[in-house]
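Residues per chain are reported as follows:
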Amino acid sequence: MNRREFLQCAAILISGATASQLGFSLSLEQQGFLASAPDYNTTPVDYFTPAQRNIVAAMAEIVIPRTETPGAVDAGVPTYIELMVAHWLNDGERAIFNQGLQDIELRIPQRYGKPFDQLSQADQLEIMEELEDAASGSEWYEFGNVMREFISEAPFICQFKELTVWGFFTSQEGASQVLRYNPMPMSFDGDIPLAPDESSWSSPL
Amino acid sequence: MIESTHYDFDAIVVGSGISGGWAAKELTEKGLKVLVLERGKPLAAGSGYLGEHAPNWKFPYQGKKPRELYEEYYPVQSKVTHSFNEGTRHFWNNDKANPYAMDEGKPFLWARADVVGGRSLIWGRQTYRFSEMDFKANATDGYGIPWPVGYEDIAPWYSYVEKFVGINGKAEGLPQLPDSEFQKPMPWFALEDTIHARLKKKAPDVTLTNGRVAILTEDLPGRSACHYCGPCARGCSTGSYFSSQSSTLPAAQATGNLTLRANSVVERLEYDAETKKISRVHVIDAQTKERMTFNARMFFLCASTVGSTQILMNSASEAFPNGLANSSGVLGHYMMDHTLGVSGIGLFLDNMDSYYHGNRPTGLYIPRFRNLNGQDEDADFVRGYGYQTATLRVDWQTGLNSKGFGAALKDSLRKPGPWIFALAGFTECLPRESNRMYLSKDKVDRYGIPQVVFDFEWSENEVNLRKDATKQADRLLKAAGAAFAIAGDDKMSMPGEGIHEMGTARMGADPGESVLNAHNQSHDVPNLFITDGSFMTSASCVNPSLTYMAFTARACDYAVKKFAEGVI
C-alpha cells in the first residue's frame, strides 16, 4: 500500500464516510484494513424466514426500543442476530435458538390470534417477561457473570438478550448516538465532570 | 582461521523483536553490515497494522470472538485474551501451522508472534528497571547462581535505552524500583488520587505510582505522543509506543547497513571445530522451503528465550553433543516465568461525578513491598511481587445480563456504573533446574525441526507468593476504601502465561554452570551472543523487556570492541 492509499484509509476513519462517498474505490490492500471494511451488520444473510425476521425485529425492539435515541432496529440488530445465529452459534446453541423462535412463531398466534410482531407492545412485553421469568434460574443471570464465554446452555431469551444488547452497543448507532464515541481522543484527562444523564464511552473491544 | 574467508555479513541477528531490533540498531550504527533473520511474515510499519482504529462495528461478529477458528488454528495464542483478537490476529503464530509438542511434558502457554517485529508489537509495554536487590538476590538467598553483573554495571545502559525508547513514569526514589529516564507521567483518574491519599495514611508501606510504560507523552524524532485511542496491540502508526517497527528497525535501516530477511526460519548454527567459532547459519525459507546459508563474523541470537534455546539444541555437533554452547549442561534448564493473575477487585462509590476523556493505555503500579529489608517475619516465601492495577468504570458490558426490557434497561445500560480498581500480582519465580524445555524425540515441525517440549511447574515459593499477594490485596483494597472487595483466587497462572519466559541460557561467572558470560557472550563459542530473555539469571518480579534491551545494547558495545580488536 502506498502513502496515498494509506491516507485514504485514514480519511475513512476520521470522517466516518465510506470510500465511495469520498470519491475513490478501495484497492485490494486497503480492503484488508478492518476500519475500511463494511459494517458487520450489513453482511448479506438469508437464514430466517420473512415471518421470523419480523418476530426477531419486534423482539429486539422490545429489549432496546427507539426512544429519543436510536433503538435496536435502527442499529441493525435484527440482521446482527440473524448473522450470529447463522454463522456464530454452535449447533447446540443454534438448536436452542431455533426452538425458541419457533415456539414464538407457533404458540403466540394460537394464544393471541396474531403473530408476535403484530401484537401491541404491552402484549409483546408480557410475553418476553414470561420467558424471562421462566429462565430466571439460569446461570446467565448470575451477578458479575458477564466477562465470560458465551453460555452454551443459556435459554433462548438469554441468548436473545445477549445478542441484542451486544449487537446494539457495538453498532455504530449504539456506540455513537446512545453511548459516546471518540476514536481519536488525543489526550487523557482522568477527572472531567459527569452530568447525571451522560452516557458511557464506547470503549474499543 | 583462514584469513581469506569472505563473509556475507559482519554480524547476523536472529529475530527482530525487542532484543533483535536493538541488536540491529546498535550494530549497524557502529558500522557493521548486519543481516536480521526473522521467521515471521513481512510487516510494514503503519500500513501493516490492519486492525488499527477499527471501530467495534467493523469487527467480524462485532467483536464476539470466532470460536471455531480460534479452537482450530489458534488454541494457544487465543488464550492471551488481553491482546489476541481479530484486530491483532495477523501478528500471531498460527498454532496449527507452527505447533509445539503440547501433548508431551506439562502444560505451557507459548505465546508467539509471527511477523517482523515479533512480540514487540503486542507486548504489554510495562518497563521497569531491575534493582540492586534483584541483581543480588541469588547470591543472597542461594537460589540460582549469582549474577555476574551488578546494578551499577547496567544502570548507564538502562539510561541509554530509555532515552531512545521513551518511557513515561513518575520518579519515586525507591531502592527496590530504581527510576528510569522519564517523560512526563500520564495523568490519573480522580479515584486513583482518592485511593492514593487513603493508602498513604492507612498503608504507608506501599507506594502507588504510575505504570512505567514505553509509550510517549512527548514527541520523539519520527514518533508522536500517544493519542489515547486505547488498544495498543493492534499496532500504532504514529509510533507512540515502542516497537521494533516504530523505533529500532527504522534506525538500523537509516544506516544503510541493514539487510532484513523475513520468512527466514533458522534451522541451526554451524560450528567449525577448527576455528572454534560459528561459521554459518542454516536457514529455511518459510514460504518456498528453500534452504540457504549465510556466514558472518559473529552471531546474535535474539529469537526469544524458547526460540533461541531451540536453535542451540538443534545445533548439536560432535564438539557439542548436548546442544551448541552447552558444555555446562544447563541449556534449557532454569526456565522462569512470572505468575500473574487478579489478586483482588474493589468496587468504589467515590468520585461518582468524575469521568474521563481518552483511553489511558496503562494502569498504575504498586512496587514490591515484601521482604525489602531482609526476610519479613510473617513471610513463608523469599523475594516478592508487585501489583499492576486497573481502573475502570463499569459499563454496559457488566450489565449485559441484567433483567428487564425497554427504555429503562437501555437507560441503565448506557450510563456509567461504579468504579472498579483491581490489583493484579506479578510474582517472582525462582530459577530451578527441573523447570526446563527440551526437543521432542519424535515430533518435528513442517521444516523438519524437532518440536519444543516444556517441563515446567511452579514451586512452593511461587504458590506462597501468590497467596500472599491475594491476602495483601484484600488489606490494600480495604485501606483504599473499597465499598466491597472481591478476593482473587489463588489459582496459579498457566506457566508461560506471563509471556516472560526466561533463563534457559543463563549468564554466570562460572562456565561450568552457565552458558553466557557477563557480556552475553557464550563461554564456549566466542562469536556467539545471546541477548533475549534466555540470558536471565534470575527473574525479579518486574516486567523484563527493558532489561533485555539494556543488556543487548551493552553486549553490542562489547562485541563491536572485540570485533575491532580482531578478537572475534
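Since we're looking at a predicted model, the values are computed, not measured.

This part covers the overall build of chain B. The helix and strand tally for chain B stands at ten helices and 18 strands. Taken along the three principal axes of its C-alpha coordinates, chain B extends 80 × 55 × 45 Å. Every one of the 568 residues in chain B was classed for burial, and the buried ones make up 56%. In chain B, once contacts between residues fewer than 6 apart in sequence are set aside, the share between residues at least 24 apart is 73%.

Once that is clear, we can look at the interface of chain B and chain A. Counting from both sides, the interface comprises 54 residues of chain B and, opposite them, 55 residues of chain A. Breaking the side of chain B that touches chain A down by element, the ones donating at least two residues are α5 (190-202), β11 (354-357) and α8 (406-414) of chain B. In terms of residue count, the dominant contributor to the side of chain B that touches chain A is α8(B) (six residues). Per-class residue counts for the side of chain B that touches chain A are 24 nonpolar, 19 polar and eleven charged. Strand direction decides the pairing type here: strand β1 (residues 189-193) of chain A and β11(B), joined by three bridges, are antiparallel. Bridging across to β11(B), Ile192(A) finds its partner in Tyr355(B).

Moving on, we come to the confidence of the model for chain B. Of all residues in chain B, 99% attain a pLDDT of 70 or more, and the chain-wide mean is 96. Per the prediction output, this complex has pTM 0.95; the corresponding ipTM is 0.94.

We now examine the pairing of strand β15 (residues 436-444) of chain B. Residues and elements named next belong to chain B. Relative to strand β16 (residues 450-455), β15 runs antiparallel, the two sharing five bridges. Among the inter-strand pairings, Leu439 is bridged to a residue of β16, identified as Val452. From the end of β15 to the start of β16, which pair antiparallel, there are five residues, and Gly448 there has a positive phi angle of about 85°.

This paragraph deals with unusual backbone geometry. All names here are of chain B. The backbone phi angle of Asn371 is positive, close to 55°, even though this residue is not glycine. Mapped onto the elements, Asn371 comes out in the loop between β12 (364-366) and β13 (385-393). The class of Asn371 is buried, set by 20 C-beta atoms lying within 10 Å. Phi at Asn520 takes a positive value of approximately 65°, unusual for a residue other than glycine. Tracing the chain through its elements places Asn520 in the loop between β17 (484-487) and β18 (528-530).

A few words on the packing of helix α1 (residues 18-29) of chain B against helix α6 (residues 244-254) of chain B. Residues and elements named next belong to chain B. Two elements in contact, α1 and α6, have axes separated by 7 Å at closest approach and are oriented at 25°. By the criterion of interaxial angle, the relationship of α1 to α6 is roughly parallel. Between α1 and α6 lies a crossing of left-handed hand. Together, Ile18, Gly21, Trp22, Ala24, Lys25, Thr28 and Glu29 of α1 and Ser244, Thr248, Leu249, Ala251 and Ala252 of α6 make up the contact between the two elements. Across the contact of α1 with α6, the residue classes break down as six nonpolar, four polar and two charged.

Residue and element names in this part refer to chain B. Per the domain assignment, the segments making up chain B are domain 1 (7-52 + 98-166 + 242-333 + 432-456 + 497-568) and domain 2 (172-212 + 339-427 + 458-494). A separation of 33 Å is found between the C-alpha centroids of domain 1 and domain 2. On the domain 2 side, the residues contacting the 22 residues of domain 1 number 23 residues. When contributions to the side of domain 1 that touches domain 2 are tallied by element, the ones reaching two or more residues are α3 (132-141) and α4 (151-165). Looking at the side of domain 1 that touches domain 2, its residues break down into nine nonpolar, six polar and seven charged.

For the rest of this paragraph, the subject is the environment of Tyr80(A). Within the secondary structure, Tyr80(A) sits in helix α4 (residues 77-87). We classify Tyr80(A) as buried; it has 30 C-beta atoms within 10 Å. On a C-alpha basis, the gap between Tyr80(A) and Ser171(A) in space is 9.2 Å, while along the polypeptide they are 91 residues apart. Discounting residues that sit within four places of it in the chain, Tyr80(A) has contacts with Asn41(A), Leu163(A), Gly167(A) and Gln62(B).

Let us now look at helix α7 (residues 305-313) of chain B. All names here are of chain B. Taking burial as the measure, the nine residues of α7 include nine buried ones, the bulk of the element. Among the residues making up α7, those that are buried are Thr305, Val306, Gly307, Ser308, Thr309, Gln310, Ile311, Leu312 and Met313. For α7, the elements touching its buried residues are β1 (9-14), β7 (264-272), β9 (291-301), β15, β16 and β18.

Here the focus is the sheet that holds strand β14 (residues 419-427) of chain B. Strand pairing within a sheet occurs via backbone hydrogen bonds; the two strands may be parallel or antiparallel. Residue and element names in this part refer to chain B. In spatial order, the strands read β5-β12-β13-β14-β10-β17; together these six strands make up an open sheet with antiparallel pairing. Taken across any chain shown, the strands that pair with only one partner, and hence form the sheet edges, are β5 (209-210) and β17. In this sheet, β13 lies alongside β12 in antiparallel orientation, the contact comprising two bridges. Bridge pairing in β13 places Tyr365 opposite Gln388. Relative to β14, α5 is tilted by about 65°, and along the sheet it contacts β10 (339-348), β12, β13 and β14. Contacts from helix α9 (residues 460-479) reach β10, β13, β14 and β17, with the element oriented near 15° to β10.

Another aspect to go through is the packing of α4(B) against helix α10 (residues 545-564) of chain B. Residue and element names in this part refer to chain B. Where α4 contacts α10, the two axes come as close as 8 Å, and the packing angle between them is 110°. Comparing their axes, α10 and α4 come out roughly perpendicular. Across the interface between the two elements, Ile154, Trp157, Tyr158, Tyr160, Val161 and Val165 from α4 touch Leu546, Met549, Ala550, Phe551, Ala553 and Arg554 from α10. Its residues assigned to classes, the contact of α4 with α10 shows eleven nonpolar, no polar and one charged.

Bringing the environment of Val342(B) into the picture now. Within the fold, Val342(B) resides in strand β10. Dropping the residues within four chain positions of it, Val342(B) is found in contact with Ala422(B), Ala424(B) and Gly488(B).

Turning our eyes to something else, we now look at the environment of Asn322(B). Residue and element names in this part refer to chain B. Among the secondary structure elements, Asn322 is positioned in the loop between α7 and β10. Considered as a pair, Asn322 and Ser159 are 163 residues apart in the sequence and their alpha carbons are 38 Å apart. Among residues more than four places away in sequence, those in contact with Asn322 are Ala316 and Gly329.

Thresholds, definitions, all that
- Residues numbered from 1 in each chain as written.
- Chains lettered and ligands numbered in written order.
- Predicted model: local features only at pLDDT ≥ 70, side-chain atom pairs only at ≥ 80, totals over all residues.
- Helix = DSSP H or I, 4+ residues; strand = E, 2+ residues; numbered from the N terminus.
- Buried ≥ 20, exposed ≤ 12 C-beta atoms within 10 Å, placed from the backbone.
- Contact = placed C-beta atoms within 7 Å.
- Nonpolar A, V, L, I, M, F, W, Y, C, P; charged D, E, K, R; others polar.
- Pairing = 2+ DSSP bridges.
- pLDDT = per-residue confidence, 0-100.
- Axes fitted to C-alpha atoms, helices over the stretch in contact; angles between N-to-C directions.
- Parallel < 35°, antiparallel > 145°, perpendicular 65-115°, else oblique.
- Left-handed = near helix turned anticlockwise from the far one by under 90°.
- Domains from an automatic or database assignment.

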